[in-house]
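Residue-level structure breakdown
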Amino acid sequence: GAVVSQHPSRVICKSGTSVKIECRSLDFQATTMFWYRQFPKKSLMLMATSNEGSKATYEQGVEKDKFLINHASLTLSTLTVTSAHPEDSSFYICSARGRDTQYFGPGTRLTVL
Amino acid sequence: LAKTTQPISMDSYEGQEVNITCSHNNIATNDYITWYQQFPSQGPRFIIQGYKTKVTNEVASLFIPADRKSSTLSLPRVSLSDTAVYYCLVGDPNTGGFKTIFGAGTRLFVKA
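Report on the accompanying structure. The structure presented is a predicted model; accordingly, all values stated were derived computationally and were not measured.

The subject of this paragraph is the state of the cysteines. In protein structure, a disulfide is the covalent linkage between the sulfur atoms of two cysteines. Using the criterion set out here, one finds two disulfides over all chains in the structure. With a sulfur-sulfur separation of 2.0 Å, C23 of chain A is cross-linked through a disulfide to C94 of chain A. A torsion of 80 degrees about the S-S bond marks the disulfide between C23 of chain A and C94 of chain A as right-handed. Of this pair, C23 of chain A sits in strand β3 (residues 19–25) while C94 of chain A sits in strand β9 (residues 90–97), placing them 71 residues apart in sequence. Since its relative accessible area comes to 0%, C23 of chain A is described here as buried. Between the sulfur of C22 of chain B and that of C88 of chain B lies a disulfide, 2.2 Å long from S to S. The chirality of the disulfide connecting C22 of chain B with C88 of chain B is left-handed, given an S-S dihedral of about -80 degrees. Of this pair, C22 of chain B sits in strand β2 (residues 18–23) while C88 of chain B sits in strand β8 (residues 84–91); the two residues are 66 residues apart in sequence, bridging distant segments of the chain. We classify C22 of chain B as buried; its relative accessible area is 0%.

Shown next as structure tokens:
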């Protein structure tokens, strides 16, 4: 099946710094990618839809100035958490729309101290 | 987007067949039904997808009745490693805006 990678797999940062997470579709092109956040024992929550060459579409309640999304190519989308705070600590997962369905990355564990 | 309802949790024993049913009463004509498996601290893994009747692959079967208002994921002879959360999702994969909204999922516990 299609493979989606994320980098880094885990990151620890200080409060107030920015963190960039990369999502790549390795063996297919994805015009649309999605970013999710997941808290412990909870389901995935969709944050935004990333479209190649255009602005991302954010779900209600998600701050677009805090979670910057860039989809510069058909195989790469990035999520930047700006001025991170401890409450931003979470598991971030991306997915890419393949030909018939969505394929998910392995996730990135963000811990903000 | 069609909302889905699944049991919160299920228990099973190794070697048994497990059936997880999902309700999606307002499924649209172009919607497909997709199931994902998720282990702790990992991204969801695609299991199976179908539109109607029955779909089978090397890991599971998906049964969809004629009215498509529900679906059942069948896992044959589960093992301890099948302990995970299983998500049922409904959407049209052929639209550019297809986005997967996750419900609560079903936590499956497989016991020895």
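As a general point, the strands of a sheet are linked pairwise by backbone hydrogen bonds and lie either parallel or antiparallel. Residue and element names in this part refer to chain B. Reading across the sheet, the four strands line up as β2-β7-β6-β5 and stay open at both edges, with antiparallel pairing between neighbours. Each edge of the sheet is formed by a strand with only one pairing partner; in this case those strands are β2 and β5 (53–56). For this sheet, the mean inter-axis angle between neighbouring strands, taken without regard to orientation, is 15 degrees. Relative to strand β6 (residues 61–64), β5 runs antiparallel, the two sharing four bridges. Bridge pairing in β6 places T56 opposite S61.

Attention now moves to the pairing of β3 of chain A. Residues and elements named next belong to chain A. Residues V19, I21, C23 and S25 line the buried face of β3, whereas the alternating positions K20, E22 and R24 sit on a face that is not buried. When strand β1 (residues 4–7) meets β3, the two strands line up antiparallel, connected through four bridges. In the strand pairing of β3, Q6 is matched with C23. Pairing between β3 and strand β8 (residues 76–81): six bridges, direction antiparallel.

Basis of the calculations
Residues numbered from 1 in each chain as written. Chains lettered and ligands numbered in written order. Predicted model: local features only at pLDDT ≥ 70, side-chain atom pairs only at ≥ 80, totals over all residues. Heavy atoms only, no water. Disulfide = S-S within 2.5 Å. Helix = DSSP H or I, 4+ residues; strand = E, 2+ residues; numbered from the N terminus. Buried < 20%, exposed > 50% of the residue type's maximum accessible area, 1.4 Å probe, protein only. Pairing = 2+ DSSP bridges. Axes fitted to C-alpha atoms, helices over the stretch in contact; angles between N-to-C directions.

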